[in-house]
Structure formats: structure tokens, C-alpha cells
Amino acid sequence: MFHPALFKGANVVVTGAGRGIGLETARQFLDCGAHVLLHGGRAASGPLPDFLEAAVAEARAHIVYSDFLVEGGIGAILQRVDSLFPHVDVLINNAGTMVGRFPAAELTDEQYETIVRLNQTSVVEVTRALLPSLRRAPSAAIVNTVSISALTGGSPGSAIYSATKAFVSTYSKGLARELAPDGIRVNCVSPGTITTDFHSRYSSAEKLEATRKTIPLQRLGTAEDCAPAYLFLASKALSGYITGQVLEVNGGQLIC
Ligand SMILES: NC(=O)c1ccc[n+]([C@@H]2O[C@H](COP(=O)([O-])OP(=O)(O)OC[C@H]3O[C@@H](n4cnc5c(N)ncnc54)[C@H](OP(=O)(O)O)[C@@H]3O)[C@@H](O)[C@H]2O)c1
């Protein structure tokens, strides 16, 4: 648990915060005093969790829904940011998913475009759209979600998804150098195997159990394990001399 005033008065944008890693990260920013715009994914699904309903009522949390795969999806985020915040202190680019497991020979053009547009192009577009707001902050931080699969290539059927995460990792390193003169740090969090809806969609219970056995800490990760890494990399007080890095959060699943 970080200090409850660590992000007091900071304006934070988290994409893909409808559930899983993004929602927990947004919750922890709120616990530390931030104002948070949560991009809740494509559309609302069910009632908000209690903590979020309370933060919305206090006007400390705001929610926008938009599909990054449709025309205008990124623009909706920008519009909302501009109407809420004079500047953005922290941008967490987290929205993404594997979309499916597609054997290389059967991958269609549409599947390929969807995976790349969601996991790769949207990160470039959201970052480009919010850069003027980030530049207006006294010192800003961007934290991008990548994946252990950016280094390993992932498991069968996820090669394109894994490659998009490697793209975001390299893009972040390039941005870190480019934006350092503006006082903007850019880093990544790289989750290992984290028990969110993501794996209930793409991995069988048997596959997850086999993976668990290979992890030195002998358990799968949780969104709660990941969120502090985002807050650490977003905080100038905690990581002000760290930029262009990838923080692996995987229980030792990959040590290199
Ligand atoms: N879980 C893991 O083991 C793991 C490992 C490595 C990396 N990651 C990465 O971590 C990030 C968060 O994943 P998670 O595990 O928390 O998964 P999750 O629970 O499936 O959350 C993914 C988020 O992305 C949003 N999203 C998906 N498609 C979208 C679209 N077309 N337009 C806008 N938003 C969209 C989802 O909203 P909807 O409600 O619209 O679907 C949701 O809010 C992702 O980038 C993922 O690739 C996860």
C-alpha cells in the first residue's frame, strides 16, 4: 500500500480499466488521491464496483467507453480528457487482448489487422493524442502494458499478439529518449500469467495449472500483484530516475 497522498491532485488516464489489471490499477491510483479517467473498454457491462461508484459520485473518477477498433474510438478519449483535465500527469496504456489463438497458416487478414490495431496502433494513437496534455504537466509519466510474451514469443497461436507487445516495448524505449527533454518518462509493465478474464478466455485450466508449476513462486499472478508496478513507475518520487525500462511482473516465470 502506497502513501494515500502519493498522487494527490494528479490527473491519471488508464485505458482498458473496465476490469482486470486496468481496473485494479485505477483503484490503487484513486486510493492514492489521484483524479482518474477510466477508459472502461468498449461498453458498460453491469453495475460499477462500490469503490468506483463512490469515486464517481465525488467526481474523482470519470468513465469513458469507446471501441479502439472503430473510427473515432481514440478521439472519444481525447475529447473527454480535454473536457476534464488541464493537463495529464500519468497515462497508462493498458487496453488490449489476444483476440484469439490463430495458427499461423490460418490467420486471416482481418484477424491480423484486429490484433495489431488494438494492441499496437491504439497505443501509438492514444499517446499521440494525449502528448500535448502530457507536455503541459510539470513532469509526466507514461506506463505501457506489454507482456512476458514480448520476450518469449508466447504460446502457439499468439505470435502476432506477442509481436505487438514487443512493438510497444521497443516503441516505449524510443519514446523514452525522445520525450526525456519534455520531462516525460516512459516505461512498461510486463505481466506474466495473470488470472483475469484474459486467461479464462484464451487458456484452459490444464494449461494454466501446467504454467503455474513452472513458476518459481509457484502461483499465477493477480491484478493486485501488477498494479503497484504501474504506480511505482508513474511516481516521480519513487522512480524519477527510471525511464525506457520494462518491469517484469511474473513470479520468476522468466528470469534472464
Ligand atoms: N492477463 C494476463 O495474463 C496478461 C499477461 C500479459 C499482458 N496482459 C495485458 O494486460 C492488459 C490488461 O489485460 P487483462 O488481463 O486485465 O485483461 P482483460 O480483463 O481482458 O481486460 C482488457 C481490457 O481491454 C479492453 N479492451 C479489449 N478490447 C477492446 C477494444 N476493442 N477497444 C477498447 N478496449 C478494449 C477490455 O474492455 P472490453 O470490456 O471492451 O473487452 C478490458 O477493459 C492487456 O493489454 C493484456 O494484453 C495480460
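If you check an unreviewed UniProt entry, the chain appears there as Ketoreductase domain-containing protein from Shinella granuli. In its Sequence similarities (unreviewed entry) section, UniProt records this for the chain: "Belongs to the short-chain dehydrogenases/reductases (SDR) family."

Colleague: In this structure, what is going on with the sheet that holds strand S6 (residues 184–191)? I would like to understand it.
Modeller: The strands that make up a sheet are held in pairs by hydrogen bonds between backbone atoms, and each pair lies either parallel or antiparallel. Ordered in space as S3-S2-S1-S4-S5-S6-S7, the seven strands form an open sheet in which the pairing is parallel. The open sheet has two free edges, formed respectively by strand S3 (61–64) and strand S7 (246–249), since each of these has just one partner strand. Neighbour-to-neighbour, the strand axes of this sheet turn through a mean angle of 15°, independent of strand direction. Relative to S7, S6 runs parallel, the two sharing four bridges. The residue bridging serine 190 from the neighbouring strand is glutamate 248, located in S7. Sheet contacts for helix H2 (residues 50–57): strand S2 (35–39) and S3; angle to S3, the most-contacted strand, approximately 105°. Against the sheet, helix H6 (residues 159–179) makes contact with strand S5 (140–145), S6 and S7, and its axis sits at roughly 160° relative to S6, the strand it touches most.

Colleague: Even after reading the chapter, I still don't get helix H3 (residues 73–84), so can you show me in this structure?
Modeller: Given 3.6 residues to a turn, an α-helix orients residues that are three or four positions apart in the same direction. In this model H3 runs 18 Å from its N-terminal to its C-terminal C-alpha over 12 residues, within 8% of the 16 Å that 1.5 Å per residue would give. Along H3, the positions that sit buried rather than exposed are Gly73, Ile74, Ile77 and Val81. Along the axis of H3, the buried residues cluster in a sector spanning 105°; they form a single face. Seen from the open side of H3, the exposed residues pointing more than 90 degrees away from its buried face are Gln79 and Ser83.

Colleague: How should I be thinking about the site of the ligand in this particular structure?
Modeller: Surrounding the ligand, one finds 31 residues, the nearest of these being Arg42, Asn94, Tyr161, Ile194 and Thr196. Contacts to the ligand include arginine 19, whose side-chain N or O atom sits 2.9 Å from an oxygen atom. Asparagine 94 places a polar main-chain atom, nitrogen or oxygen, 2.8 Å from an oxygen atom of the ligand. Alone, the ligand offers 880 Å² of accessible surface; in the complex the protein occludes 97% of this. Those elements that place two or more of their residues in the shell around the ligand are helix H1 (20–31), H6 and helix H7 (197–202). Considering every element that reaches the shell around the ligand, the biggest residue donor is H7, with four residues. Considered class by class, the residues forming the shell around the ligand number 11 nonpolar, 14 polar and six charged.

Colleague: I would appreciate a short explanation of the pairing of S3 in the present structure.
Modeller: Within a regular beta strand, the side chains point alternately toward one face of the sheet and then the other, so they alternate between its two faces. The two faces of S3 match: Ala61 and Ile63 on one face and His62 and Val64 on the other face are all buried. Looking at chain direction, S2 and S3 are connected through four bridges and run parallel. Bridging across to S3, valine 36 finds its partner in alanine 61. For the crossover that starts at S2, traverses H2 and ends in the parallel S3, the hand is right-handed.

Colleague: Explain the packing of H1 against helix H9 (residues 223–234) here, please?
Modeller: How two helices pack is summed up by the angle between their axes together with the distance between the axes. Packing of H1 against H9 leaves a shortest axis separation of 8 Å and a crossing angle of 55°. The angle between the axes of H1 and H9 places the two elements in the oblique class. The hand of the H1/H9 crossing is right-handed. Of the residues in H9, those touching H1 at Gly20, Ile21, Glu24, Thr25, Gln28 and Phe29 are Ala223, Glu224, Cys226, Ala227, Pro228, Tyr230, Leu231 and Ala234.

How each quantity is defined
- Residues numbered from 1 in each chain as written.
- Predicted model: local features only at pLDDT ≥ 70, side-chain atom pairs only at ≥ 80, totals over all residues.
- Heavy atoms only, no water.
- UniProt positions renumbered as here; feature names shortened; annotations may be inferred.
- Pairing = 2+ DSSP bridges.
- Helix = DSSP H or I, 4+ residues; strand = E, 2+ residues; numbered from the N terminus.
- Axes fitted to C-alpha atoms, helices over the stretch in contact; angles between N-to-C directions.
- Contact = heavy atoms within 4.5 Å.
- Expected span 1.5 Å × (residues − 1).
- Buried < 20%, exposed > 50% of the residue type's maximum accessible area, 1.4 Å probe, protein only.
- Arc of directions from axis to C-beta.
- Near = heavy atom within 4 Å.
- Polar contact = N/O pair within 3.5 Å; in protein donor to acceptor, adjacent residues only side chain to side chain.
- Areas by Shrake-Rupley, 256 points an atom, 1.4 Å probe, with all protein chains shown as cover.
- Nonpolar A, V, L, I, M, F, W, Y, C, P; charged D, E, K, R; others polar.
- Right-handed = clockwise from strand over helix to strand, strands pointing away.
- Parallel < 35°, antiparallel > 145°, perpendicular 65-115°, else oblique.
- Left-handed = near helix turned anticlockwise from the far one by under 90°.

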